[in-house]
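# Descriptive analysis of the structure
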Amino acid sequence: MFGIVMTMEPYHLVNTPEFRHVLPTSDVPTVVASASELEDAVVATAPTLEESVLARIEQPPPAGWSLRALADGRPVINPILDEAWALYPWGAEPATPQDTGASAES
C-alpha cells in the first residue's frame, strides 16, 4: 500500500524532512503531490508511475522525493488531457452563415 495525499496547489518542500516532521506519521509510505504532479506522473514511461510507486514501497523514498521526478527531463504530453481538450470547440474556425444566394441589395 502506498499513500498519495493530493493537493490542488504544489507545496514544493512538503516532502523534505524539514516539513515532514510536522505531519502525522504512518506505517504506510506516503507522498504529498499536487494535481499537476500526478497529471505529469501518469504518463511517465521509464520508470512508469506503477514501477516508481512499487520501488518506493520496497525502500523509503529519498528526502524530498516527489512525483514530479518521474517527468524530469521529459516533455510532458498527457494524451488523456490532449484528447479531452480536443473535444472542445475552442480554436476552431467560427461557423459562417450558409450562402442562400440572396444578394445584399435585395
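Calculation rules
Residues numbered from 1 in each chain as written. Predicted model: local features only at pLDDT ≥ 70, side-chain atom pairs only at ≥ 80, totals over all residues. Heavy atoms only, no water. Helix = DSSP H or I, 4+ residues; strand = E, 2+ residues; numbered from the N terminus. Buried < 20%, exposed > 50% of the residue type's maximum accessible area, 1.4 Å probe, protein only. Contact = heavy atoms within 4.5 Å. Areas by Shrake-Rupley, 256 points an atom, 1.4 Å probe, with all protein chains shown as cover. Patch = residues over 30% accessible without salt bridge, like charges linked within 9 Å, V, L, I, M, F, W, Y side chains within 5 Å. Salt bridge = Lys/Arg side-chain N within 4 Å of Asp/Glu carboxyl O. Core = buried A, V, L, I, M, F, W, Y, C linked by side-chain atoms within 4.5 Å. Arc of directions from axis to C-beta. pLDDT = per-residue confidence, 0-100.

## As for the overall build of the chain
Looking only at helices and strands, the chain features four helices and two strands. Along its sequence from the N terminus, the chain presents helices and strands in the succession β-α-β-α-α-α. Counting only residues that meet the buried cut, the chain has 23% of its 106 residues in that class. Of the contacts made within the chain by residues no fewer than 6 positions apart, 76% connect residues no fewer than 24 positions apart. With an accessible surface of roughly 8200 Å², the chain has 60% of that area assigned to carbon and sulfur atoms.

## What to know about a nonpolar patch on the surface
Together, Trp-85, Leu-87, Tyr-88 and Trp-90 give the surface a local cluster of nonpolar side chains, amounting to about 590 Å² of exposed area. Inspection of the secondary structure puts Leu-87 in the segment after α4 (79-86). Note on Leu-87: relative accessible area 73%, which makes it exposed.

## So, the nonpolar core
The biggest cluster of nonpolar side chains holds eight residues, and these are Phe-2, Val-31, Ala-33, Ala-41, Leu-49, Val-53, Trp-65 and Leu-67. Of all the elements in the fold, those that place two or more residues in this core are β2 (30-34) and α3 (49-58). Setting aside residues no more than four positions away along its own chain, Trp-65 makes contact with Asn-15, Val-31, Ser-52 and Arg-56.

## Thoughts on the side chain of Ser-34
Within the secondary structure, Ser-34 is located in strand β2. Since its relative accessible area comes to 1%, Ser-34 is described here as buried. Setting aside its immediate chain neighbours within four residues, Ser-34 contacts Met-6, Thr-7, Met-8, Glu-9, Pro-10 and Arg-68.

## Remarks on α3
All of the buried residues along α3 are Leu-49, Ser-52, Val-53 and Arg-56. In an axial view of α3, the angular spread of the buried residues amounts to 95°, which keeps them on one side of the axis. Seen from the buried face of α3, the exposed residues on the opposite side, beyond 90 degrees, are Glu-50 and Glu-58. Contacts made by the buried residues of α3 are with α2 (35-41).

## With respect to the confidence of the model for the chain
When pLDDT is averaged along the chain, the result is 75; 72% of the residues meet or exceed 70. Of all the helices and strands in the chain, α3 carries the lowest mean pLDDT, 77, while strand β1 (residues 3-7) carries the highest, 87.

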